[in-house]
Amino acid sequence: MAQPIRVVITGAAGQIAYSLLYQIAKGDVFGPSQPVILHLLDIPPMMGVLEGVVMELADCALPLIHGVVPTADPAVAFKDVEAAFLVGAMPRKQGMERKDLLSANVTIFKVQGQALDQHAKKTVKVLVVGNPANTNALVCSRYAPSIPRENFTAMTRLDQNRAQANIAARLGVNVADVKNVIIWGNHSSTQYPDVKHATVTKGGASKNAYEAVADEAYLKGEFVSTIQTRGAAVIAARKMSSAMSAAKAAGDHMKSIWQGTAPGEWVSMGVVSDGSYGVPADVVYSFPVTIKDKKWTIVQGLPIDDFARSKMDLTGKELLEERAEALAVCQD
Ligand SMILES: NC(=O)c1ccc[n+]([C@@H]2O[C@H](COP(=O)([O-])OP(=O)(O)OC[C@H]3O[C@@H](n4cnc5c(N)ncnc54)[C@H](O)[C@@H]3O)[C@@H](O)[C@H]2O)c1
Ligand SMILES: O=C(O)C[C@H](O)C(=O)O
């Protein structure tokens, strides 16, 4: 059996972690033969709750768990970790936009960037889930200069999963038959879910999903706004933000990094932009990427029409505004 890897989950006493820990511990993310030592970080008032989570992990009797380290100390939490799920942050309430969380949450990611820089393995792969996820990931990478910037990614996989599930339902196929829907930009209500390059397998043949849906008004209107506002719809219904689906998406995202993407498939994630597709550089922008040997590459050369262009520019503009606000908060 492989040597265990150390994996940190922040916000470990919270909602998302409650679903995510089980996925990681039973091998869904790093593989069925990869033991893990789980580092669980939360804040001091949550240590009692975290103790209960630790008891439950023990009671799951999962052979891949080779250790559990509950702590409120970032220096302990980030020590020698090879993968980091940065979940711990305040979730939004009904009526808020995700960027309303910026001033409350961004300093968490400054502190954790510094702790990663000092204590984590230099190869650590960092997934930021806490909102506003894209800008938090940018801040985290800036405060961890000894770790390559490409090791920091933000989660838009939940948006991709939502979009693929929506299209599958529309076409009456299984969700596994819809591939390559793209999320461009910010994990916010300006994101652009794009079906133009997606495929669907129906009756044994692979087709373009946009053409298969054959309803441009839907794909440019209701579909886009449904995916953009899905998080708010879940909050309105549950009175709490998405957790089970967010945890599943976090597992999917890290699994893609660890195990790579299948030939002909890509996934969407927020990465530090190099200006590809004419979007702003140096913001964490969601692109379609392929992954090999734990390294992502932006899929290049996709044709962008005027509609997509305007949506991609709008979400890029929002990320520039968030970056300015976040860096001002961090300097205070
Ligand atoms: N990117 C996405 O697609 C996506 C999806 C769903 C939720 N989210 C975001 O994920 C975050 C967590 O959501 P949740 O439902 O688990 O919230 P939650 O309130 O249930 O749990 C958050 C946990 O983080 C802890 N925490 C706060 N500050 C911390 C710090 N400095 N260090 C370590 N832990 C800290 C809290 O004590 C709490 O236990 C929120 O910001 C939410 O908006 C993102
Ligand atoms: O929308 C939220 O605030 C939570 C999360 O980002 C989501 O998309 O469900």
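Not measured: the values here are computed from a predicted model.

Peer 1: Report on the site of ligand 2, specifying residues and quantitative values.
Peer 2: What surrounds ligand 2 is the set Pro91, Arg92, Arg98, Asn131, Leu158, Gly231, Ala232, Val234, Ser241, Ser242 and Ala246. Its residues assigned to classes, the shell around ligand 2 comprises five nonpolar, four polar and two charged. Both domains that meet at the shell around ligand 2, namely domain 1 (5-154) and domain 2 (156-323), each give it at least three residues.

Peer 1: Please provide a residue-by-residue account of helix H4 (residues 102-119), values included.
Peer 2: If you check H4, its first and last C-alpha atoms are 25 Å apart, about what 18 residues at 1.5 Å a residue would give, namely 26 Å. Every buried residue of H4 is accounted for by Leu102, Asn105, Val106, Ile108, Phe109, Lys110, Gln112, Gly113, Ala115 and Leu116. As for H4, its buried residues are in contact with strand E1 (5-10), helix H3 (74-77), strand E4 (83-86), strand E5 (125-128), helix H5 (133-142) and helix H12 (306-331).

Peer 1: With reference to specific residues and values, describe the packing of H4 against H12.
Peer 2: Helices that pack against each other are described as a pair by the angle of their axes relative to one another and the distance between those axes. Their axes nearest at 9 Å, the elements H4 and H12 cross at an angle of 65°. With respect to H12, the element H4 is oriented roughly perpendicular. In the crossing of H4 with H12, the sense of the turn from one axis to the other is right-handed. Seen from H4, the contacting residues are Leu102, Ser103, Val106, Thr107 and Lys110; seen from H12, they are Glu322, Glu325, Ala326, Val329 and Cys330. Residue classes in the contact of H4 with H12 are distributed as five nonpolar, two polar and three charged.

Peer 1: Just give me the short version of the environment of Ile65, but keep the residues and values in it.
Peer 2: Tracing the backbone through its elements, the reader meets Ile65 in strand E3 (residues 65-71). Sequence spacing of Ile65 and Thr229 is 164 residues, and the spatial spacing of their C-alpha atoms is 37 Å. For Ile65, the residues in contact, after removing those within four places along its chain, are Ala25, Val36, Leu38 and Leu57.

Peer 1: Lay out the site of ligand 1 with the relevant residues and their values.
Peer 2: If you check the shell around ligand 1, you find 28 residues, and the closest are Gly11, Gly14, Gln15, Gly88 and Ala246. Of the residues belonging to the shell around ligand 1, the class tally is 16 nonpolar, ten polar and two charged. When residues of the shell around ligand 1 are assigned to domains, at least three fall in each of domain 1 (5-154) and domain 2 (156-323).

Peer 1: Residue-level account of unusual backbone geometry, with values.
Peer 2: Cis geometry marks the peptide bond from Asn131 to Pro132; its omega dihedral reads -5°. Tracing the backbone shows Pro132 in the loop between E5 and H5. Unusually for a residue other than glycine, Ala61 sits at a positive phi of about 50°. Relative to the elements of secondary structure, Ala61 occurs in the loop between helix H2 (47-59) and E3. When the 7 C-beta atoms within 10 Å are taken as the criterion, Ala61 is described as exposed.

Criteria and thresholds
- Residues numbered from 1 in each chain as written.
- Chains lettered and ligands numbered in written order.
- Predicted model: local features only at pLDDT ≥ 70, side-chain atom pairs only at ≥ 80, totals over all residues.
- Near = placed C-beta within 6 Å.
- Nonpolar A, V, L, I, M, F, W, Y, C, P; charged D, E, K, R; others polar.
- Domains from an automatic or database assignment.
- Helix = DSSP H or I, 4+ residues; strand = E, 2+ residues; numbered from the N terminus.
- Expected span 1.5 Å × (residues − 1).
- Buried ≥ 20, exposed ≤ 12 C-beta atoms within 10 Å, placed from the backbone.
- Contact = placed C-beta atoms within 7 Å.
- Axes fitted to C-alpha atoms, helices over the stretch in contact; angles between N-to-C directions.
- Parallel < 35°, antiparallel > 145°, perpendicular 65-115°, else oblique.
- Left-handed = near helix turned anticlockwise from the far one by under 90°.

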